[in-house]
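Each chain, written out:
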Amino acid sequence: MTTPAIAANGLRKSYGDKVVLDGIDLTVPEGTIFSLLGPNGAGKTTAVKILSTLVPPGPGSGGIRVGGHDLAADPQAVRAAIGVTGQFSAVDGLITGEENMLLMADLHHLTRKEGRRVAAHLLERFDLTEAAGKPASTYSGGMKRRLDIAMTLVGAPRVIFLDEPTTGLDPRSRHNMWQIIRELVSDGVTVFLTTQYLEEADELADRIAVLNDGRIAAEGTADQLKRQIPGGHVRLRFTDPAAYRSAASSLREVTRDDEALALQLPSGGTQRELRAVLDQLDSAGIEADELTVHTPDLDDVFFALTGTDVPTQPNQSKETAR
Ligand SMILES: Nc1ncnc2c1ncn2[C@@H]1O[C@H](COP(=O)(O)OP(=O)(O)OP(=O)(O)O)[C@@H](O)[C@H]1O
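Summary of the structure given here. Keep in mind that this is a model prediction, so the values were computed, not measured.

## Focus on the overall build of the chain
Here is step 1 of the chain: A count of helical and extended segments in the chain gives 11 helices and 15 strands.
Here is step 2 of the chain: Counting over 322 residues, the chain shows a buried share of 45%.
Here is step 3 of the chain: Residue pairs in contact within the chain that sit at least 24 positions apart in sequence constitute 66% of those at least 6 positions apart.
Here is step 4 of the chain: Of the roughly 16,400 Å² of accessible surface on the chain, 48% is carried by carbon and sulfur atoms.
Here is step 5 of the chain: If you average the places of the 33 positive and of the 44 negative side-chain charges in the chain, the two averages end up 4 Å apart.

## Some words on helix H1 (residues 44-51)
Here is step 1 of the chain: Most of H1 sits out of view: 6 of its 8 residues are buried.
Here is step 2 of the chain: For H1, the full list of buried residues reads Lys 44, Thr 46, Ala 47, Val 48, Ile 50 and Leu 51.
Here is step 3 of the chain: Just past H1, the residue Thr 53 takes up positive phi, approximately 70 degrees.

## Details of the pattern of salt bridges
Here is step 1 of the chain: All chains considered together, the criterion is met by 9 salt bridges.
Here is step 2 of the chain: Notably, a salt bridge pairs Arg 12 with Asp 22, separated by 3.1 Å at the nearest N-O pair. Here Arg 12, found in strand S1 (residues 6-15), pairs with Asp 22, found in strand S2 (residues 18-28); they are 10 residues apart in sequence, far enough to count as distant.
Here is step 3 of the chain: The partner of Glu 290 in a salt bridge is Arg 237, and the shortest N-O contact between them spans 3.4 Å.

## Let's talk about the site of the ligand
Here is step 1 of the chain: Near the ligand there are 14 residues, and of these Gly 41, Gly 43, Lys 44, Thr 45 and Thr 46 occur at the shortest range.
Here is step 2 of the chain: For the ligand, whose unbound accessible area comes to 640 Å², protein coverage reaches 61%.
Here is step 3 of the chain: Secondary structure elements with two or more residues in the shell around the ligand: S2 and H1.
Here is step 4 of the chain: It is H1 that provides the largest number of residues to the shell around the ligand, a total of 3 residues.
Here is step 5 of the chain: Here the residues of the shell around the ligand are counted per class, giving 4 nonpolar, 7 polar and 3 charged.

Thresholds, definitions, all that
- Residues numbered from 1 in each chain as written.
- Predicted model: local features only at pLDDT ≥ 70, side-chain atom pairs only at ≥ 80, totals over all residues.
- Heavy atoms only, no water.
- Helix = DSSP H or I, 4+ residues; strand = E, 2+ residues; numbered from the N terminus.
- Buried < 20%, exposed > 50% of the residue type's maximum accessible area, 1.4 Å probe, protein only.
- Contact = heavy atoms within 4.5 Å.
- Areas by Shrake-Rupley, 256 points an atom, 1.4 Å probe, with all protein chains shown as cover.
- Lys, Arg positive; Asp, Glu negative; His and termini not counted.
- Charge placed at Lys NZ, Arg CZ, Asp CG, Glu CD.
- Salt bridge = Lys/Arg side-chain N within 4 Å of Asp/Glu carboxyl O.
- Near = heavy atom within 4 Å.
- Nonpolar A, V, L, I, M, F, W, Y, C, P; charged D, E, K, R; others polar.

Written as structure tokens, this is what we have:
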């Protein structure tokens, strides 16, 4: 097995009396996307700051290795192996996109010629060549995020921390950013992603951890997390109130929504379970006007594990119409 890109044991951090991280373990294999989810204030940014050497871990934390280096013994080597973008953007609005890139090249001690080559290549890759000569303050939100990532890549990091990279972006820019993140990973980079958008974690992450009350409440692939919680059901909708009432009284274990003339029957969503529901409806002579299958999604997981409201979501269909 290869060495993980990130391995943290018993990560702890408190601010005053407030315990933010209460001993969490994180392991991220190389070349994968790991997503840390959690409600506002759960400690996601704190975890990123510790792993990227911006703040020290709390006393009692176990060992932390990032990019193959021990964070306590060799923070310099960790810094050289990582890139961080997100809530604390490095983009300087007063200078142009290209000047921002060249500044990064200087910081990484590239020669003038090499700096220009790398900057031009990355500006092109992130579709910023045309805007390269304009002050970054004139860029749209999506362009600034792209510039920020391009600047991070000047140092050719092997591990990238993306702290809420798409917050505030419109759907098209969000999808562009997802594509960029996928390309980074296909180049072998490891991505540690924090996000408020469950759809984003579902789309991108190989593994997801849900942070709540200072601890990891659950960890796994999106599918594994969804399987951990109940919530699958079949929903039947009627237009005729009499048909609705008759179905409601002849079916067992249903949840009624009298206003919408809809009934909900628990069902795991497998073909076998769905067939059982259909057989039950046939034998009771029930014909609904609409039947939809609902399988638990990450919203349900988040709600079940953190007991908080689901964060703001882009439009997301929870129902699979049949
Ligand atoms: N420097 C600090 N001093 C005191 N408290 C802090 C400091 N930094 C963070 N906190 C507190 O630690 C908790 C976790 O903050 P953090 O920013 O890590 O959360 P988060 O999960 O990233 O939240 P969000 O999604 O809102 O960005 C919060 O209650 C925050 O107020």
